[in-house]
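Overview (structure and organization)
The lines below spell out each chain.
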Amino acid sequence: MKKLFKVLLLLLIPFVWAEEIEVSAKELIGDERRKLTQLKGNVEVKRAKDNLKADEAFIYLDSNNRPNKMQAIGNVRFWLTLQDGRRIEGRANEALYLPSNQEYQILGNAVVKEITKNNVVRGDKIIIRYKEGFINVLGNEEKPARLIFKLEKEPK
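A brief look at the structure comes next.

1. Topic: the pattern of salt bridges
Enumeration over the complete set of coordinates arrives at 4 salt bridges. The partner of Glu 114 in a salt bridge is Arg 86, and the shortest N-O contact between them spans 4.0 Å. Here the residue Glu 114 occupies a position in strand E7 (residues 103-114), and Arg 86 occupies one in the loop between strand E5 (67-81) and strand E6 (87-98), the gap between them amounting to 28 residues. On the basis of relative accessibility, which here comes to 31%, the residue Arg 86 falls in the partly exposed class.

2. Brief notes about the pairing of strand E2 (residues 27-31)
For E2 and strand E3 (residues 36-47), the ladder comprises 5 bridges, and the chain directions are antiparallel. The partner of Ile 29 across the bridge, within E3, is Gln 38. Where E2 folds back onto E3 in an antiparallel hairpin, the turn is made up of 4 residues, including Lys 35, whose phi is positive at roughly 55 degrees.

Rules of the game
- Residues numbered from 1 in each chain as written.
- Predicted model: local features only at pLDDT ≥ 70, side-chain atom pairs only at ≥ 80, totals over all residues.
- Heavy atoms only, no water.
- Salt bridge = Lys/Arg side-chain N within 4 Å of Asp/Glu carboxyl O.
- Helix = DSSP H or I, 4+ residues; strand = E, 2+ residues; numbered from the N terminus.
- Buried < 20%, exposed > 50% of the residue type's maximum accessible area, 1.4 Å probe, protein only.
- Pairing = 2+ DSSP bridges.

See below:
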């Protein structure tokens, strides 16, 4: 039980800049030897105004037991507030979060939408760098990257 508590505590390290984080799932499996935590079934992660839902998630720890990668798989849906205050939402088959540079990689049938402006990007892989407000959309042979945006009328 003490080891499980230690693993759970380590889950919170990448979110030290957050006031509070709430993680829920049907099952949580902590494996200290493999440096891996697995969340299974109706996974939900909430932090401030940000939210992620998925079928399953994995948290990978480095040799110092600090999270170095988080992976969400299956029916991934998310809602994020970027550093500049813009709100985005999206969905994909898989999402990766790399805490070292606060980078999200949205993978497989990826769609990201800027909520207030109705701008939408679609691609096989979408990279979002949280701090920089950066987004990169990559397509593939069958489906090129797409951007759909609404032009606002200029005041007369």
